[in-house]
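Chain and residue survey
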Amino acid sequence: WQPQQDNKTVPLERICRAFPHISKLGFSGCSKYHVPQFVSMLASNCFNHLTSIDMSENDHAAVVDDMCNALQLSGVVSVRIRKCNLESLPVSIENLANLQRLDISNNPNLRSLPLSIGNLTNLQHLNISNSSQLRSLSDSIGNLINLQHLNISNNQLRSLPDSIGNLTNLQHLD
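Residues numbered from 1 in each chain as written. Predicted model: local features only at pLDDT ≥ 70, side-chain atom pairs only at ≥ 80, totals over all residues. Heavy atoms only, no water.

1. A word on the nonpolar core
- If you look at the biggest cluster of nonpolar residues, it comprises 32 residues, and the most contacted ones within it are Leu 102 and Leu 126.
- If we ignore the near neighbours within four places in the chain, the residues touching Leu 126 are Leu 102, Ile 141, Leu 144, Leu 147, His 149, Leu 150 and Asn 151. (Core = buried A, V, L, I, M, F, W, Y, C linked by side-chain atoms within 4.5 Å. Buried < 20%, exposed > 50% of the residue type's maximum accessible area, 1.4 Å probe, protein only. Contact = heavy atoms within 4.5 Å.)

Next up, the structure:
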């Protein structure tokens, strides 16, 4: 599905009416012209049942902040932002209070995670693998008390913060 046909924009209301119970929304690999329209749909709160969003393989890192702000009051529990050339995650990631899964792997320019990552206390799975510029994790990672799976493989991490010991529910560390 593409939001534009023959240079005509499909009205947002029509999309919302057509898919009122959609729970998973993927717009990976979309052109730079379609991504803002998807974020507008999220901000309109027309997808009340949305639990999962995948915006992987988009070279639109600036849109991530808009997406986090648009989803702040939602029930989204899973977000994938893989292969987006992210250099950093926006502080607004903390707005996704219900988030249980976050996959930001394969972002080779990702250098750090914001301190606000520690506010995602419902997070159970975090994948930051294959981010070759990532050299450290903040102490706030220790606030992720429900974290069960942490994938930090293929990074340039030199050490782990002492707060990693607070992750008493951690079952898998890659």
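2. Some words on the layout of surface pockets
- In this structure, the largest pocket encloses a volume near 180 Å³.
- Residue lining of the largest pocket: 14 residues in total, with Arg 101, Leu 102, His 125, Leu 126 and Asn 127 positioned closest to the centre.
- Only strand S5 (78-80), strand S6 (101-103), strand S7 (125-127) and strand S8 (149-151) provide two or more residues apiece to the lining of the largest pocket.
- When its residues are assigned to classes, the lining of the largest pocket shows 4 nonpolar, 6 polar and 4 charged. (1 Å grid on protein atoms, 1.4 Å probe; cavity = no way out; pocket = protein on both sides within 12 Å on 5 of 7 lines; lining within 4 Å. Points joined across faces, edges and corners; volume = space filled by probe spheres on them. Helix = DSSP H or I, 4+ residues; strand = E, 2+ residues; numbered from the N terminus. Nonpolar A, V, L, I, M, F, W, Y, C, P; charged D, E, K, R; others polar.)

3. Structural notes on the sheet that holds S6
- Here we have 7 strands laid out as an open sheet, ordered S3-S4-S5-S6-S7-S8-S9, and parallel in their pairing. On the outer flanks of this sheet lie strand S3 (24-26) and strand S9 (172-173), each paired with one strand and no other.
- With 2 bridges connecting them, S8 and S9 associate as parallel partners. Its bridge partner lying in S9, His 149 is registered against His 172. (Pairing = 2+ DSSP bridges.)

4. Considering the pattern of salt bridges
- Considering all chains together, one arrives at 3 salt bridges under this definition.
- The closest approach of N and O atoms between Asp 54 and Arg 80, which form a salt bridge, is 3.6 Å. With Asp 54 in strand S4 (residues 52-54) and Arg 80 in strand S5, this pair connects stretches of sequence that are 26 residues apart.
- Exposure remark for Asp 54: the relative accessible area of 18% places this residue in the buried category.
- The closest approach of N and O atoms between Arg 80 and Asp 103, which form a salt bridge, is 3.8 Å. Of the two residues, Arg 80 is situated in strand S5 and Asp 103 in strand S6; the sequence distance between them amounts to 23 residues.
- Residue classification places Asp 103 among the buried positions, given a relative accessible area of 13%.
- Members of the salt-bridge network, linked through shared partners, are Asp 54, Arg 80, Arg 82 and Asp 103. (Salt bridge = Lys/Arg side-chain N within 4 Å of Asp/Glu carboxyl O.)

No statement about biological role is implied by the geometric values presented.
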